[in-house]
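Residue-level structural notes
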Amino acid sequence: MSAPQILIVDDEPNIVMSLEFLMRKSGYQVGIARNGTEALEAIDHTAYDVILLDIMMPDVDGYHVCQHVKSRPDRQHTKVIFLSAKSKEADIQRGYDVGADLYIPKPFSTRQLMEKVKALVAAPASG
């Protein structure tokens, strides 16, 4: 079995670098998108197991990216984790409404995040 594929989508370089390091260290294959447009292209080319997705980005927001993933029949197994500074109840609810599997407000514990990613990767695909 090949290593799980993780896509990191964030416009904040420090977050991307630290998450990429953590994911690679844990044996995952990592893709990076620095905005929503890059994310949509990456998703169309690769079936990721988990997408770590920021919401507030300069072009296409994370909600739209998540809807795109969840609307594709061939991406139904892809798990989406929102990592966002938007921590109001309404923002979180909207995240789940568009199909997020998990919503983690920033700042977050990287150790907790790794546990969640491992759990989602290990979870049987629903559908």
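Residues numbered from 1 in each chain as written. Predicted model: local features only at pLDDT ≥ 70, side-chain atom pairs only at ≥ 80, totals over all residues. Heavy atoms only, no water.

Looking up the chain in an unreviewed UniProt entry gives the name Response regulator, with the organism given as Hymenobacter nitidus.

Core analysis: the biggest nonpolar cluster contains 23 residues, and Leu7, Val9, Ile51, Leu53, Val65 and Phe82 have the highest contact counts within it. Elements with a contribution of two residues or more to this core: strand S1 (5-9), helix H2 (36-45), strand S3 (50-53), helix H3 (62-71) and strand S4 (79-84). With near-sequence residues (within four places) excluded, Leu7 lies in contact with Gly31, Ile32, Ala33, Ala39, Ala42, Ile43, Tyr48, Val50, Ile51 and Leu52. Ranked by size, the runner-up nonpolar core spans 19 residues in total, among them Val16, Met23, Ile81 and Val117. (Core = buried A, V, L, I, M, F, W, Y, C linked by side-chain atoms within 4.5 Å. Buried < 20%, exposed > 50% of the residue type's maximum accessible area, 1.4 Å probe, protein only. Helix = DSSP H or I, 4+ residues; strand = E, 2+ residues; numbered from the N terminus. Contact = heavy atoms within 4.5 Å.)

A few words on the pairing of S3. Put simply, side chains in a regular strand alternate between the two faces of the sheet. Going residue by residue along S3, you find Val50 and Leu52 tucked away on one face and Ile51 and Leu53 tucked away on the opposite face as well. In the sheet, S1 pairs with S3 via four bridges, with the strands oriented parallel. When the sheet's bridge partners are listed, Leu7 is paired in S3 with Ile51. The sheet contact formed by S3 and S4 spans four bridges and is parallel. Looking across to S4, one finds that Val50 is bridged to Lys79. Read from S3 through H3 to S4, the crossover connection turns out right-handed. (Pairing = 2+ DSSP bridges. Right-handed = clockwise from strand over helix to strand, strands pointing away.)

End to end, helix H1 (residues 13-25) covers 18 Å across 13 residues, agreeing with the expected 18 Å (1.5 Å per residue, within 8%). In this structure, the buried residues of H1 make contact with S1, strand S2 (29-33), S3, S4 and helix H5 (110-122). Backbone geometry just downstream of H1 places Gly27 in the positive-phi region, at approximately 90°. (Expected span 1.5 Å × (residues − 1).)

Here, the residues flagged by UniProt with the feature "modified residue: 4-aspartylphosphate" (unreviewed entry) are Asp54. By the secondary structure assignment, Asp54 is in the loop between S3 and H3. The class of Asp54 is buried, set by a relative accessible area of 4%. Look past the residues within four positions of Asp54 in its chain and what remains in contact with it is Val9, Asp10, Asp11, Gly62, Leu83, Ser84 and Lys106. (UniProt positions renumbered as here; feature names shortened; annotations may be inferred.)

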